[in-house]
Amino acid sequence: MVEKSKQTFYVTTPIYYVNDVPHIGHAYTTIIADALARYHRLKGFEVFFLTGTDEHGQKIEKTAAEKGLTPKELADRVVGRFKELWKQLNISCDYFIRTTEQFHEAGVQKIFQKLLEKGDIYKGTYQGWYCVSEENFLSEDVPLEPEGYKICPDCGRKAILIEEESYFFRLSAYQQPLLEFYQQNPQFVRPQTRMNEVVSFVKQGLKDLSITRTTVKWGIPVPGDPKHTIYVWFDALHNYLTGIGYDWNPELFQRFWPADVHLIGKDILRFHAIFWPAFLMAAGFPLPRTVYGHGWWLKDETKMSKSKGNVLDPYLILKKVGADPLRYFLLREIPIGQDGNFSHEGFVQRLNSDLANDLGNLVQRTLTMVFNYFQGTLNEIGEEKEEDRKFASQFEETRKRVVEFYDDYALNRALEEIWTYLNVINKYLADNEPWKLAKAPESRPRLARVLYQAVCAIKATSYLLYPVMPETAGKIWELLGLKQAPQEMPLTDLKFYDFRTEKPIPKPEALFPRIDLNEFIGEMEKQNAPDKLEPKAEVKKMEYITYDEFKKMDLRVAKVLTAERVAGTNKLLKLQIDLGTEQRQIIAGVAESYAPEELVGKEFIVIANLQPAVIRGIESQGMLLAAEAEGKPIIPFFDRELPPGTKVK
Ligand SMILES: [Zn+2]
């Protein structure tokens, strides 16, 4: 492994499919990455935190066509859904990459060319069952159905058999090198169980990987052979290189590559733990240190799915509780590798007990006493006693463990340690009973000492909390009257006795309101109906057109002469129509409702003077009118036969 010259830390999330609606899973991966990035910044590392969107591929192409947009226009419209969520979650990424960016496309082509010249990429023919929905050839071991086709095991849709000329990556040549690499770098895949899965998969033998498609147009063309489009996975994985300057900022790239940790969901482990290091070996790059595959969030013990209506919308939760409680819950509840269960009861209970009680009450109670007994300025602090020394040294032990856990990406363990110490602070106050000391004037130095100890403990402990709850840590430091923000102090400066009154502590406000469970469930469920999860359509104002504008439309009765399906889509039909004075060809998106033979001889209305358009390479001279009901087109037909070409007005 190549050692970096400086203390740098490079962390990535997968690039999310731009067409997806952001959900709790996306939020989870990105929050982990953010906490690790913030922690390493405290440590004084130079950090690069990369996230972004995957914007190529057939699904985008299809959705865009349905909406009458170019794929890039569609991507531009929906990329904001991710950017806005990251803003609301306080995600401190250093760059948000989009695979449609020119430097990314150029970088991928350059690597492709390099591997082609080297012989690690070659041209061949691929035949396989292909899931159009997931843009994925099915694995060969998926059995054939009795009807003679295969069903995609991931989405349950019918796959199609396709054969095409394709470029292949010589993955088979990397079986041995990969196995040796895993052996020498047992931390490459975490957690350990996932490493075992990867090793046994690779031991079964690796086949060469088809990495281009001729059926997909929306993507990066193969250099010098543009009818081939580079497969989305080969394209997407290389964002980890192009995002930090590969091919456009060599100094930045040198500084940060290889990545310290790629955070991913366990479903994309093979791509990251097998294909990705093989691509990198072939291109001669050092390999990343760790690929960390995290688990799923289940809702009430079942996998979230749109059809069940149990998908958690992070926006709803954020609106109700804000970013830090959600960040805390997701990171505290489970170790990164395991599946977690999200129940509203569990969520509210944890917020109330850990945040409102243990942390919020402690801060509020302590600072209220400083305000009430000392007008916000601690003075005449009495001597340190044995129990005070013990209290301070317990923090030093806590700090040591928290740092070890953060270094090991064991965020839940770090938080457990912090909460253990919050309870130590609570116990220290209960044992020393400052409210009683306040009653006797001669106890004033001791009272000041006890509150001083508690304030030191709160300042230091909230600092350790900063990577996970940046807003809360900052708020606490503000309440303490400190001019510095936690992130401005390096971790090496953290010590227990480090509080000086910079400005008098004001009367504190509550950090976390208690949440009423029933009210919370009511609000979540009211808004969590499945239809609410779709991106909200913009409300359009009615726009009137004039009669003259309407008159410009030439609407005519057309009769269908022939009809056939357009290859490669289940939505479109190619129709030859009779318009009375002429024959025309139109492409109509009605194949989901009508078989071609059903339409022959039928009459309907077309806009005859619509500017011709090319759809999937075929010219369409006009458009038919249809209603849309539940996503399916319904054509209005006439109740008697009319001469083709009859004007409709
Ligand atoms: Zn599928």
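Refer to the structure presented above.
For the structure given in this document, a descriptive report is provided here. Here the structure is a predicted model, which means the values were calculated and not measured. (Residues numbered from 1 in each chain as written. Predicted model: local features only at pLDDT ≥ 70, side-chain atom pairs only at ≥ 80, totals over all residues. Heavy atoms only, no water.)

Comments concerning the packing of helix α14 (residues 386-407) against helix α15 (residues 411-432)
Where α14 meets α15, the closest approach of the two axes is 8 Å, and the angle between their N-to-C directions is 170°. Overall, the two elements α14 and α15 adopt an arrangement that is roughly antiparallel. In this structure, α14 uses Glu387, Asp388, Phe391, Gln394, Phe395, Thr398, Arg401, Val402, Phe405 and Tyr406 to contact α15, whose residues at the interface are Leu411, Arg413, Ala414, Glu417, Ile418, Tyr421, Val424, Ile425, Tyr428 and Asn432. Its residues assigned to classes, the contact of α14 with α15 shows twelve nonpolar, three polar and five charged. (Axes fitted to C-alpha atoms, helices over the stretch in contact; angles between N-to-C directions. Helix = DSSP H or I, 4+ residues; strand = E, 2+ residues; numbered from the N terminus. Parallel < 35°, antiparallel > 145°, perpendicular 65-115°, else oblique. Contact = heavy atoms within 4.5 Å. Nonpolar A, V, L, I, M, F, W, Y, C, P; charged D, E, K, R; others polar.)

Thoughts on unusual backbone geometry
The omega torsion of the bond from Arg190 to Pro191 falls at -5°, within 30 degrees of zero and hence cis. In this structure, Pro191 sits in the loop between β7 (189-190) and α6 (192-203). Following Trp257, the chain continues into Pro258 via a peptide bond in cis, with omega recorded as 5°. Following the sequence through the fold, Pro258 ends up in the loop between α9 (250-256) and β12 (261-265). Positive phi, close to 50°, is recorded for Gln375, a residue that is not glycine. Structurally, Gln375 is set in the loop between α13 (344-374) and α14. You can call Gln375 exposed: its relative accessible area is 57%. Phi is positive for Glu433, close to 40°, though the residue is something other than glycine. As for its placement among the helices and strands, Glu433 is situated in the loop between α15 and α16 (434-437). (Buried < 20%, exposed > 50% of the residue type's maximum accessible area, 1.4 Å probe, protein only.)

Thoughts on the environment of Asp300
Relative to the assigned elements, Asp300 resides in the loop between β14 (297-299) and β15 (302-303). With near-sequence residues (within four places) excluded, Asp300 lies in contact with Asn341, Phe342 and Ser343.

Here we look at the side chain of Arg81
Residue position: Arg81 is located in helix α3 (residues 71-88). The class for Arg81 is buried, based on a relative accessible area of 16%. A polar contact is formed between the side chain of Arg81 and the backbone oxygen of Asp20, at a distance of 3.3 Å. (Polar contact = N/O pair within 3.5 Å; in protein donor to acceptor, adjacent residues only side chain to side chain.)

Some thoughts on α15
Taking 1.5 Å of rise per residue, the 22 residues of α15 would be expected to cover 32 Å, and the 32 Å separating its terminal C-alpha atoms lies within 8% of that figure. Positioned one or two residues after α15, Glu433 has a phi angle of 40°, which is positive. (Expected span 1.5 Å × (residues − 1).)

Quick word on empty space enclosed by the protein
Rolled over the atoms, a probe as big as a water molecule pinpoints where empty space is left. By the definition in use, this model includes three cavities of 30 Å³ or more. When its volume is computed, the largest cavity comes out at roughly 70 Å³. As for the largest cavity, its lining consists of 14 residues, and the residues nearest its centre are Gly57, Val216, Ile230, Tyr231 and Val232. If you list the elements that add at least two residues to the lining of the largest cavity, you get β11 (225-230) and α7 (232-237). Grouping the constituent residues of the lining of the largest cavity by class yields six nonpolar, five polar and three charged. (1 Å grid on protein atoms, 1.4 Å probe; cavity = no way out; pocket = protein on both sides within 12 Å on 5 of 7 lines; lining within 4 Å. Points joined across faces, edges and corners; volume = space filled by probe spheres on them.)

A short note on helix α17 (residues 444-465)
For α17, built from 22 residues, the straight-helix expectation of 32 Å at 1.5 Å per residue is met to within 8% by its first-to-last C-alpha distance of 31 Å. Where burial is concerned, most of α17 is hidden: 20 out of the 22 residues are buried.

A short note on the nonpolar core
Judged by nonpolar contacts, the single largest core of 121 residues is most densely connected at Leu89, Phe342 and Trp419. With 14 residues, α17 is the largest single contributor of residues to this core. In this view, Trp419 contacts Tyr328, Asp354, Leu355, Asp358, Leu359, Leu465 and Met469; residues no more than four positions away in its chain are not counted. Grouped together as the second largest cluster of nonpolar side chains are 59 residues, Leu50, Tyr174, Phe188 and Ile274 included. (Core = buried A, V, L, I, M, F, W, Y, C linked by side-chain atoms within 4.5 Å.)

Here's the deal with the side chain of Asp358
In this fold, Asp358 is placed in helix α13. It is Arg350 that comes nearest to the buried, bridge-free Asp358 among opposite-charge side chains, at 7.6 Å. Apart from residues no more than four positions distant in its own chain, Asp358 is found in contact with Ser353, Trp419, Asn423 and Asn426. (Lys, Arg positive; Asp, Glu negative; His and termini not counted. Salt bridge = Lys/Arg side-chain N within 4 Å of Asp/Glu carboxyl O.)

A few points about the packing of aromatic side chains
Per the counting criterion, the structure on display carries 46 aromatic pairs. With centroids separated by 4.6 Å and ring planes inclined at 35°, the aromatic side chains of Tyr328 and Trp419 adopt a geometry described as tilted. With Tyr328 in helix α12 (residues 323-333) and Trp419 in helix α15, this residue pair connects regions lying 91 residues apart in the sequence. Given a relative accessible area of 5%, Trp419 falls into the buried group. Every member of this aromatic cluster is reached through a ring pair, and the members are Tyr10, Phe48, Tyr240, Tyr246, Phe253, Phe256, Trp257, Trp276 and Phe285. Above the face of the Phe96 ring, Lys83 is positioned so that its terminal group lies 5.0 Å from the ring centre. (Phe/Tyr/Trp six-rings, centres within 6.5 Å; stacked < 30°, edge-to-face > 60°. Lys NZ or Arg CZ within 6 Å of the ring centre and 35° of its normal.)

Things to note about the sheet that holds strand β10 (residues 221-222)
Within the open sheet, the three strands sit side by side as β9-β11-β10. Their pairing is antiparallel. Across the chains shown, the open sheet's two edge strands, defined by having one partner strand only, are β9 (212-213) and β10. (Pairing = 2+ DSSP bridges.)

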